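Report on the structure
Read off the chains here:
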Amino acid sequence: MQVLKFGGTSVASAENIRKSIAIAAAAKQGPVIMVVSALGGTTDALIGIGRAAATADGAYRETLNQLEERHLGVAQELSADGQGPESALVRAQFEELRQLCNGIFALGELSTRTLDKLMSYGELLSSRLVASVAAAQGLDAVWADARQLIRTNSRFGMAEVDMAVTERLVAGFNAQHPAAMWVVPGFIGADAQGVTTTLGRGGSDYTAALLAAALKAHVLEIWTDVSGMMTADPRLVRSARPIARISYQEAMELSHFGAKVLYPPTIQPVMRRGIPLWIKNTFAPADYGTLVEVEPPRTAAVVQGISSIGNLALLNLEGSGMVGVPGFSMRLFAALARERINVVLITQSSSEHSICVGVNEPDTTPAQVAVDQEFAVEIAAGRIEPLRPERGLAIVALVGENMKDHPGISGKLFGALGQNGINIRATAQGASEKNISTVIRAADVRKAVNVLHEAFFEATGKQVNLFLLGPGNVGSKLLEQLAQQQRHLLEKLGLQLRVVAIANSRHCLVNEAGLDLTTWPAELGEAPPLPLADFTQLIIDRNLRNSILVDVTADPAAAGCYAQLLEKSVAVVACNKVACSSDYASYARLKSLSKEFNASFLFETNVGAALPIIGTLNDLTRSGDVVRRMEAVLSGTLNFVFNHYDGTRPFAEVVRQAQIEGYTEPDPRLDLSGSDVARKILILAREAGQAMEMSDIQIEPFLPPACLAGDVAAFYSQMAAHEAHFRALYDAATAAGKRLKFVARYADGKATVGLQQVALGHDLYDLRGKDNVVLFYTDRYIAQPLVVKGAGAGAEVTASGVFADIIRAARL
Ligand SMILES: NC(=O)C1=CN([C@@H]2O[C@H](COP(=O)(O)OP(=O)(O)OC[C@H]3O[C@@H](n4cnc5c(N)ncnc54)[C@H](O)[C@@H]3O)[C@@H](O)[C@H]2O)C=CC1
Ligand SMILES: N[C@@H](CC=O)C(=O)O
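Remember, it's a predicted structure, so these values are computed and weren't measured experimentally.

**Description of the overall build of the protein**
Within the protein, the regular secondary structure consists of 29 helices and 28 strands. Against the globule reference of 28 Å for 812 residues, the protein gives a C-alpha radius of gyration of 37 Å, more extended than a compact globule. With respect to the principal axes defined by its C-alpha atoms, the protein has extents near 120 × 70 × 55 Å. Long-range pairs, those at least 24 residues apart, make up 73% of the contacts in the protein with a sequence separation of at least 6.

**Brief notes about the site of ligand 1**
The environment of ligand 1 is formed by 31 residues, the closest being Gly470, Gly472, Asn473, Ala554 and Pro666. Elements represented by at least two residues in the shell around ligand 1 include exactly α15 (473–493), α18 (556–559) and α29 (795–810). Looking at the shell around ligand 1, the element that brings in the most residues is α15, giving three residues. Across the shell around ligand 1, the residue classes tally to 15 nonpolar, 13 polar and three charged. For the shell around ligand 1, the two domains that each supply at least three residues are domain 3 (462–600) and domain 4 (613–793).

**Focus: helix α3 (residues 60–78)**
End to end, α3 covers 27 Å across 19 residues, agreeing with the expected 27 Å (1.5 Å per residue, within 8%). Three or more residues of α3 are buried, namely Tyr60, Leu64, Leu67, His71, Val74, Ala75 and Leu78. Looking straight down α3, one finds its buried side chains confined to an arc of 100°; they lie on one side. Opposite the buried face of α3, by more than 90 degrees, sit the exposed residues Glu62, Asn65, Gln66 and Glu69. Next to the buried residues of α3 lie α1 (14–25), α2 (42–54), α4 (85–107) and α5 (112–136).

**Things to note about the confidence of the model for the protein**
Residues with a pLDDT of 70 or more make up 98% of the protein, whose mean pLDDT is 94. Two numbers describe this predicted complex: its pTM, 0.76, and its ipTM, 0.98.

**Thoughts on the sheet that holds strand β27 (residues 771–778)**
Overall, mixed pairing links the six strands, which are arranged β24-β26-β25-β23-β27-β28 in an open sheet. This sheet does not close on itself; its edge strands, each paired only once, are β24 (697–700) and β28 (786–791). Taken pair by pair, the neighbouring strands of this sheet meet at an average axis angle of 20°, ignoring direction. Helix α28 (residues 723–735) rests against β25 (738–747) and β26 (750–759) of the sheet, and its axis sits at about 95° to β25.

**A closer look at the site of ligand 2**
All residues adjacent to ligand 2 are Ala609, Ser635, Gly636, Thr637, Tyr663, Thr664, Glu665, Asp671, Asp676, Gly792 and Ala793. Counted by class, the shell around ligand 2 contains three nonpolar, five polar and three charged residues.

**Quick notes on the pairing of β26**
Looking along a regular strand, one sees the side chains alternate between the two faces of the sheet. Across four bridges, the pairing between β24 and β26 is parallel. Of the residues in β26, the one forming a bridge with Glu700 is Gly754. Here β25 pairs with β26 via ten bridges, running antiparallel. Residue pairing in the sheet places Phe742 in a bridge with Leu755 of β26. Where β25 hands over to β26, the hairpin turn is made up of two residues, of which Asp748 adopts a positive phi near 50°.

**Here's the deal with the environment of Leu495**
Residue placement: Leu495 occurs in strand β18 (residues 495–503). When the C-alpha positions of Leu495 and Ser13 are compared, they lie 44 Å apart, and in sequence the two are 482 residues distant. Residues within four places of Leu495 in sequence aside, it is in contact with Lys462, Val464, Leu489, Leu490, Ile807 and Ala810.

**Here's the deal with the pairing of strand β2 (residues 32–36)**
In terms of burial, β2 is a largely internal element, five of the five residues being buried. Burial along β2 is two-sided: Val32, Met34 and Val36 facing one way and Ile33 and Val35 facing the other are all buried. As judged from the five bridges shared by β2 and strand β4 (residues 181–185), these two strands associate in the parallel manner. Note on β4: the bridge partner recorded for Val32 is Met181.

**Observations concerning the sheet that holds strand β21 (residues 571–574)**
With respect to topology, six strands assemble into an open sheet ordered β19-β18-β17-β20-β21-β22, the strand pairing being mixed. Either end of the sheet is taken by a strand with one partner, and the two such strands are β19 (508–510) and β22 (601–602). Of the strand pairs in this sheet, strand β20 (residues 547–551) and β21 are connected by four bridges, and their pairing is parallel. Each bridged residue has a counterpart across the sheet, and for Leu549 the counterpart in β21 is Val572.

**A look at the packing of α2 against α5**
The N-to-C vectors of α2 and α5 enclose an angle of 145°; their axes lie 8 Å apart at closest approach. At the point where α2 passes α5, the crossing takes the right-handed sense. On α5, the residues touching Thr42, Thr43, Leu46, Ile47 and Gly50 of α2 are Leu115, Leu118, Met119, Tyr121 and Gly122. Residues that form the contact of α2 with α5 fall into these classes: six nonpolar, four polar and no charged.

**Some remarks on the environment of Pro612**
Relative to the helices and strands, Pro612 is located in the loop between β22 and α22 (613–622). A C-alpha to C-alpha distance of 35 Å links Pro612 and Ser410, two positions 202 residues apart in sequence.

**As for helix α6 (residues 163–176)**
For α6, which comprises 14 residues, the first-to-last C-alpha distance of 20 Å matches the rise-based estimate of 20 Å (1.5 Å per residue) to within 8%. Residues of α6 that are buried: Thr166, Leu169 and Val170. All buried residues of α6 project into a common sector of 100° when viewed along the axis, lining one side. α6 presents Ala164, Gly172 and Ala175 as exposed residues on the side facing more than 90 degrees away from its buried surface.

**Brief notes about the nonpolar core**
In terms of nonpolar packing, the biggest core is built from 143 residues, with Met34, Val130, Val183, Leu211 and Ala212 touching the most fellow members. Counting only domains with at least three residues in this core, you end up with domain 1 (2–40 + 125–225) and domain 2 (305–443). If you look at the next biggest cluster of nonpolar residues, it comprises 109 residues, including Ile502, Phe776, Ala793 and Ala809.

**Structural notes on the packing of α3 against α4**
Where α3 meets α4, the closest approach of the two axes is 9 Å, and the angle between their N-to-C directions is 165°. One way to sum up the angle between α3 and α4 is to call them roughly antiparallel. Two packed elements cross with a definite hand, and for α3 against α4 that hand is right-handed. Along the contact surface, α3 presents Tyr60, Leu64, Glu68, His71, Leu72, Ala75, Gln76 and Leu78, while α4 presents Glu86, Ser87, Val90, Phe94, Leu97, Arg98, Cys101 and Phe105. Considered class by class, the residues forming the contact of α3 with α4 number ten nonpolar, three polar and three charged.

**Some remarks on unusual backbone geometry**
A positive phi angle, close to 80°, is found at Phe187, a residue other than glycine. Relative to the helices and strands, Phe187 is located in the loop between β4 and β5 (188–190). With 30 C-beta atoms packed within 10 Å, Phe187 lands in the buried category. Non-glycine residue Asn546 carries a positive phi angle of around 45°. Mapped onto the elements of the fold, Asn546 is located in the loop between α17 (532–542) and β20.

**Brief notes about the environment of Tyr206**
One can find Tyr206 in helix α7 (residues 203–214). On the basis of neighbour count, Tyr206 is assigned to the buried category, with 26 C-beta atoms found within 10 Å. Along the chain, Tyr206 and Lys568 lie 362 residues apart, while their C-alpha atoms are 44 Å from each other. Contacts of Tyr206, omitting those with residues within four sequence positions, involve Leu199, Tyr263, Pro265 and Thr266.

Each value, and the rule that gives it
Residues numbered from 1 in each chain as written. Chains lettered and ligands numbered in written order. Predicted model: local features only at pLDDT ≥ 70, side-chain atom pairs only at ≥ 80, totals over all residues. Helix = DSSP H or I, 4+ residues; strand = E, 2+ residues; numbered from the N terminus. Rg over C-alpha atoms; globule rule 2.2 N^0.38 Å. Contact = placed C-beta atoms within 7 Å. Near = placed C-beta within 6 Å. Nonpolar A, V, L, I, M, F, W, Y, C, P; charged D, E, K, R; others polar. Domains from an automatic or database assignment. Expected span 1.5 Å × (residues − 1). Buried ≥ 20, exposed ≤ 12 C-beta atoms within 10 Å, placed from the backbone. Arc of directions from axis to C-beta. pLDDT = per-residue confidence, 0-100. Pairing = 2+ DSSP bridges. Axes fitted to C-alpha atoms, helices over the stretch in contact; angles between N-to-C directions. Left-handed = near helix turned anticlockwise from the far one by under 90°. Core = buried A, V, L, I, M, F, W, Y, C linked by C-beta atoms within 7 Å. Parallel < 35°, antiparallel > 145°, perpendicular 65-115°, else oblique.

Below, the structure is given as structure tokens:
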């Protein structure tokens, strides 16, 4: 004996009905019971018709005609010569329906009893059609009226089944009709008086389970339009995949919490009898689907699925008067039960100071009224607060029986949500540890489910969403590197980096699915402008998981956006030095926001481009070492200039070459004035633990003041005019057998930057090209410093440093 249930889409057209009959006819373990739903969309249409008729809206007649046309169309297609009994059958059913609706119209009333009768026609029609066609195909098929098989009470709309009577009725029918195939309407039953009832929306699954249990079937198959229960809602998570085998308990948890594939009450009757339940796809019958059974083989999967349900409200009952007083919970739940309000989730703090329950959002106001009435005396006496509802929430839950043997699952769950700025309003976990539920903002559901799916199901492919400001010299190199390394990142690091937005000061290009990193330059030129504030808001509003702002500008305004983003747990990676070298309070605030909101704030390239200078300093201080002194060459531009200037070419020309080769700041006066080096030593001192300000750095300029008096063009012409000054500096150093180096020094909370003649043998003497070097003297590195040295400027290396920070932020 095999019970197969076909859902609304599986019988929505003549073609689908033929497919479904073919599947049932091929069933190996006959006899077969086919339980069918109404043609997709019929039940909603019938409800609409009934409501219209009850409110004297004559339009119900037209809708009824349309519904009849649809059923007649299917019937005609199904009957071989267009003259089969199916059309007459449909007409007869619609004649009854018309009379019923006219009665509703005349009375102006639609009781739950009448609504059940009205809705039953959907399944009565579909099942009669299927039975007739199956018989016409030569199958030994009979139509079995579920109202003579499923006995319920008279709770119309959601009738409860009397299993003992149902089993007797099913056994009696079985004895009288030993046909190879029964076709049964799902969803409906009848009470002791024979009045039609319904089992709740989705109840056809339940009908099938009841019959399977009554007949002790080998298997119950639910044929639907998806290939089984998925690891998450596929409308939310593109990479969701079917779960092959799952326990009854897990299936129950998943179906209760939003996996719409299965009507939750379905599992209980088959579980009681240990009958396997197989969810299959009518449109892809070769797919394995999901097998729900007593004890599925143990796999490595700890979490089987992630479920989500929206439209939730939390009701918070709080007050000191509750502590240690028995009976408060009982009164709360009794008050809700009296209003027939379903409690979806419960949590209570161990202090007993508050109880929090989750209810369906539409129940919020009735719940609030009922509870405030119940506790009116205590509220008036100030012993408890009036009920505080919070709307706009949702539940996201992890489901899996193996969770109970694995520590760290909750930690991973909370960590993944926390890193993405998703605030958890309440949690619930039963002692069985099959389900860990979190209540979050409804607006965060998509992000949360994706983040958790990545954390628990996707060993490779964490999606990271980048928003890039400033595709200039460094930024465009970075985009080039990202494009080249995408495959490597996915294969080796399991990172799927997507650039969602690129903005320069004139245009902004956005694509949530990820921009094409080969065509962006042309597309950006055509893209509309987007003010910086709107760019920041775009990042927040898109609310994408693992979002990172990559600031590759030199703009103070861009740096001004970091705080707002960190507060939303959006990570910030910056080679822009403005934020870390502005006033100490702002720098410290960003560092603390990064900690508080668990979002990386990384800026390794602020000093020495991609050289691991800040990382090394952090490693030293994190392990308890104390930086006493630093000596450094921190300007790639100045090192390049003084390494290349020997009087044979004008000084200004060498500076211009440094700019063309991409070592200078967008404004080269910052390099030549020493300000850029001052910013860098300030950042190092701060990272070493000193609360220093820019005004604490002593800058010893070597440029004649006239060079900095005008704009960049004047800067170049003034340098040319002061060639003799630069020549004299060079000649003096050479005469002393020394080299010119622009040196930064930090010791005892004080720092200086300035041009110096460095003698042969000094650590800074032999520093080539655009290299940087930092010598750290610490409590552990006393006589011999820890030295970091290498290329300290240039678009390629800087971009690679930003890239490394992005990877760090992504892997947090
Ligand atoms: N070149 C180097 O060796 C190193 C550079 N850096 C830093 O890299 C940053 C960028 O330098 P480059 O690429 O050479 O400069 P760049 O001038 O070539 O590029 C800057 C880009 O930022 C854009 N931009 C400016 N304001 C913007 C805004 N409000 N919104 C969006 N885009 C904006 C500009 O349109 C331009 O595309 C600077 O902060 C610099 O200090 C850091 C380490 C080394
Ligand atoms: N302009 C800077 C670039 C890196 O910060 C330099 O020359 O060092």
